[in-house]
Amino acid sequence: MTCYYDSNKVDISSITIDYKQNIIPGVDLRYSLSIPFKNRREGITVIVILMNPAEADLNISDKTVNKLIDFFFNYSIDGNQVKQLHIGNIIPIYAQKSADTLLKLKGLYSTNLLEPVQKNNINKVSSIMSHSDIVVFAWGKPDVKTIHNIYYYSQVYKIIEVISNMEKDIYVFNMRNTNTKFTEHGDPRHAGWSAILNGLVKTSIDELLGLN
């Protein structure tokens, strides 16, 4: 079922996307998606780091992006509403399933494009984080036997290294029916799937790495 942006909340005509189509046959990239909220010139900007893009682009949304829109449209910090939502990813490859992401990763690797794609992703996410008021980690963990953990976490750690050099507040989602900030594997909980977002909880790099 196709999802659309809510025109009562989103300034749809002003959505921007950093998108590359058919970098190799069948592989599309989305480095960032920026969603301005309607009639909000003042407020804070938020970037959420997810696993990888599913469907959302300039014209259509997806369930995870709509869930984030609903949450942040009604969220405020110290009386400041969110005026713009940015979405970045650990892996910038469009795919609805982790298994498809892996196949596309292998395709980029076989054509010597994977390294420059991922380097470009880190640079673009870094730039957006540096201009955002708060950063939310919500990338989760790939399905078992799909994207290899060593490769995935090598990209996660590059995001962590970047933000370690910034003075930014870092948050994860507080979700219904959980009493811990992170999953049993230590990952920030993913905002998609069946997750119900209750709020944000501040965290730190030390806590994320299990050192605090």
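In what follows, the structure referred to is the one given above.
Residues numbered from 1 in each chain as written. Predicted model: local features only at pLDDT ≥ 70, side-chain atom pairs only at ≥ 80, totals over all residues. Heavy atoms only, no water.

Asks: Now, about the side chain of Thr64: what can you tell me, with residues and values included?
Replies: If you trace the backbone, Thr64 turns up in helix H1 (residues 63-73). A relative accessible area of 16% places Thr64 in the buried class. Contacts of Thr64, omitting those with residues within four sequence positions, involve Leu50, His190, Ala191, Gly192 and Trp193. (Helix = DSSP H or I, 4+ residues; strand = E, 2+ residues; numbered from the N terminus. Buried < 20%, exposed > 50% of the residue type's maximum accessible area, 1.4 Å probe, protein only. Contact = heavy atoms within 4.5 Å.)

Asks: Account for the nonpolar core, naming residues and giving values.
Replies: Ranked by size, the top nonpolar core spans 35 residues in total, and within it Ile90, Leu108, Met129, Phe137, Trp139 and Tyr152 carry the most contacts. Mapped by element, the contributors of at least two residues to this core are strand S2 (27-36), strand S3 (44-50), helix H2 (98-110), helix H3 (114-130), strand S6 (134-137), helix H4 (149-164), strand S7 (169-175) and helix H5 (205-208). Setting aside anything within four residues of it in sequence, one finds Leu108 in contact with Ile23, Ile24, Val27, Leu29, Ile93, Leu113, Leu114 and Val117. Listed in part, the 32 residues of the second largest apolar core include Leu68, Ile134, Ala191 and Ala195. (Core = buried A, V, L, I, M, F, W, Y, C linked by side-chain atoms within 4.5 Å.)

Asks: Now, about the pairing of S3: what can you tell me, with residues and values included?
Replies: Of all seven residues making up S3, seven are buried, and the element is well covered by its neighbours. Here S3 shows two buried faces, one formed by Ile44, Val46, Val48 and Leu50 and the other by Thr45, Ile47 and Ile49. For S3 and S6, the ladder comprises four bridges, and the chain directions are parallel. When the bridges of S6 are listed, Val46 appears paired with Ile134. (Pairing = 2+ DSSP bridges.)

Asks: Which residues make up the pairing of strand S1 (residues 16-24), and what are the values?
Replies: As defined by bridge partners, S1 adjoins S2 across six bridges and the pair is classed as antiparallel. Of the residues in S2, the one forming a bridge with Ile17 is Leu33. Where S1 folds back on S2, the antiparallel hairpin that results is connected by two residues, among which Gly26 adopts a positive phi of roughly 85°.

Asks: If you had to explain a nonpolar patch on the surface to someone new, which residues and values would you point to?
Replies: Nonpolar side chains collect at one region of the surface, where Tyr157, Leu209 and Leu211 lie side by side and expose about 320 Å² of accessible area between them. Residue position: Leu209 is located in the segment after H5. (Patch = residues over 30% accessible without salt bridge, like charges linked within 9 Å, V, L, I, M, F, W, Y side chains within 5 Å. Areas by Shrake-Rupley, 256 points an atom, 1.4 Å probe, with all protein chains shown as cover. Salt bridge = Lys/Arg side-chain N within 4 Å of Asp/Glu carboxyl O.)

Asks: Please provide a residue-by-residue account of the packing of aromatic side chains, values included.
Replies: Under the definition given, this model contains nine aromatic pairs. Each ring, one from Tyr19 and one from Tyr94, has its centre 5.8 Å from the other, and the planes form 70°; the classification is edge-to-face. Within this pair, whereas Tyr19 is found in strand S1, its partner Tyr94 is found in the loop between strand S5 (80-89) and H2, the two being separated by 75 residues in sequence. The exposure class assigned to Tyr94 is buried, which follows from its relative accessible area of 9%. Taking the centre distance of 5.6 Å and the plane angle of 85° together, the rings of Phe37 and Phe73 count as edge-to-face. Taken together, the residues Phe37 in the loop between S2 and S3 and Phe73 in helix H1 connect sequence positions 36 residues apart. The buried category is assigned to Phe37, whose relative accessible area is 2%. Note on Phe73: relative accessible area 18%, which makes it buried. Members of the aromatic cluster, connected to one another through ring pairs, are Phe71, Phe72, Tyr75 and Phe173. (Phe/Tyr/Trp six-rings, centres within 6.5 Å; stacked < 30°, edge-to-face > 60°.)

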